[in-house]
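Chain and residue survey
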Amino acid sequence: MPRLVAEKRLVGVSVQQRLLDDDGYAALVQRAFDTVTPENEMKWDTIHPRRGRYDFGPADRVVAFARDRGMTVRGHTLVWHAQNPSWLAEGDFSRRELIGILREHIRAVVGRYRGRVAEWDVVNEAVDDDGRLRDSVWLRGIGPEYIALAFRFARQADPRARLFYNDYGTERPGRKADAVLRLVAALIRVKVPIDGVGLQTHVDARPIPRFVPTLRRFAALGLDVELTEVDVRLPDDRRDERAQARAYRRIAAGCVAVPRCRGIVFWGLDDRDSWIPAAFPGQGAATLFGEDLEPKPAYEAVRRALRAG
Ligand code: G3I
């Protein structure tokens, strides 16, 4: 099975630390991809489970795995509304205290992996589906400025890491994409250090409307674009792997068509470990590899589309 290679683009996969002990899983990650994203290990509930107490073990394991194999790491994620520990989600902090907590967290986490994590999803999913800023402990406690603050703290902690805003549903036109465009344009205007936008790209097998023009709109702001969490789910009662391969091909070819689209990361290595069946009952089989770790038709479709670039 030839690896996925894209000239001038990184090709990656999200991994789960506990699966890296499986030799077949680890070998396949190394064989097919250039970069890994820890799927949960850098989220607050794992890495900062009690106030001021960090558990770097699971994230360290992923970072060491990558380093030992000459792979890079996308850090995910420094600020999110979900997967926060209860001390943070249910805490009663003043605005000033919460800014201090955010600063310390980013300093500790980004600082620890300085030079070893090439890029960070600094802020994840800050916009809701209607295009408003999403309710979260951060918005409530700090106000909209938490976004700019997080980017500034991250730049201070590792000036060379590339910093991303990451969201879902933004790979097609709509209120949400418009709102994210406005948000990142406003950040750029006031010189907030942001290098790119991550478009998660969790989709079904239908063509994504105006996909390439949407990538170009983000690139036109002078930002890099990455497809950061790609998967293509199928209904359980009609697992059409050919249709899935076509969908994956269109996504990879879309990235290749846009020079500022600098990377593509698949969410979950194989169909055993994908988040889709739990989140979308009746759907699944969303990844490039089957439960037997054999490549599905989508793998070859992606490989060809990337090679063509
Ligand atoms: O660690 C426990 C384990 O001990 C327990 O046995 C198991 C039983 O359910 O749960 C495990 O934790 C789960 C964790 O994934 C690891 O598998 C959590 O319950 C589950 O909520 C968590 O789901 C993750 C989800 O984010 C949380 O919101 C998914 O793996 C992960 O793929 C998903 O990723 C997000 C991105 O971060 C942001 N974009 C959307 C994407 C999909 O939701």
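Everything below is about the structure shown above.
About the thresholds
Residues numbered from 1 in each chain as written. Predicted model: local features only at pLDDT ≥ 70, side-chain atom pairs only at ≥ 80, totals over all residues. Heavy atoms only, no water. Near = heavy atom within 4 Å. Polar contact = N/O pair within 3.5 Å; in protein donor to acceptor, adjacent residues only side chain to side chain. Nonpolar A, V, L, I, M, F, W, Y, C, P; charged D, E, K, R; others polar. Phe/Tyr/Trp six-rings, centres within 6.5 Å; stacked < 30°, edge-to-face > 60°. Helix = DSSP H or I, 4+ residues; strand = E, 2+ residues; numbered from the N terminus. Buried < 20%, exposed > 50% of the residue type's maximum accessible area, 1.4 Å probe, protein only. Pairing = 2+ DSSP bridges. Right-handed = clockwise from strand over helix to strand, strands pointing away.

**Considering the site of the ligand**
Glu 39, Lys 43, His 76, Glu 125 and Glu 229 are the nearest of the 14 residues found near the ligand. Measuring from an oxygen atom of the ligand, one finds a side-chain N or O atom of His 76 at 2.7 Å. Within the side chain of Gln 200, an N or O atom sits 3.1 Å from a nitrogen atom of the ligand. Grouping the amino acids of the shell around the ligand by side-chain chemistry returns three nonpolar, seven polar and four charged.

**Quick word on the packing of aromatic side chains**
Within this structure, the stated rule accounts for nine aromatic pairs. With a centroid separation of 6.2 Å and an interplanar angle of 50 degrees, the aromatic rings of Trp 44 and Trp 87 are classed as tilted. Of the two residues, Trp 44 is situated in helix H2 (residues 44-47) and Trp 87 in helix H4 (residues 86-89); the sequence distance between them amounts to 43 residues. When sorted by exposure, Trp 44 lands in the same class as Trp 87, which is buried. Between Trp 44 and Trp 138, the ring centres sit 5.3 Å apart and the planes meet at 50 degrees, which makes this aromatic pair tilted. Of the two residues, Trp 44 is situated in helix H2 and Trp 138 in helix H6 (residues 137-142); the sequence distance between them amounts to 94 residues. Of the residues examined, Trp 138 reaches a relative accessible area of 0% and is grouped as buried. An aromatic cluster is present here, built from Trp 44, Trp 87, Phe 93 and Trp 138 joined pairwise through their rings.

**Overview of the pairing of strand E5 (residues 162-167)**
Counted residue by residue, E5 has five buried out of six residues, so it is predominantly covered. Summarising the sheet, E5 and strand E6 (residues 196-199) pair through four bridges and their orientation is parallel. Within the sheet, the bridge partner assigned to Asn 166 lies in E6 and is Gly 198. With helix H8 (residues 175-189) bridging E5 and the parallel E6, this β-α-β connection has right-handed handedness.

These figures come from the coordinates and say nothing about function on their own.
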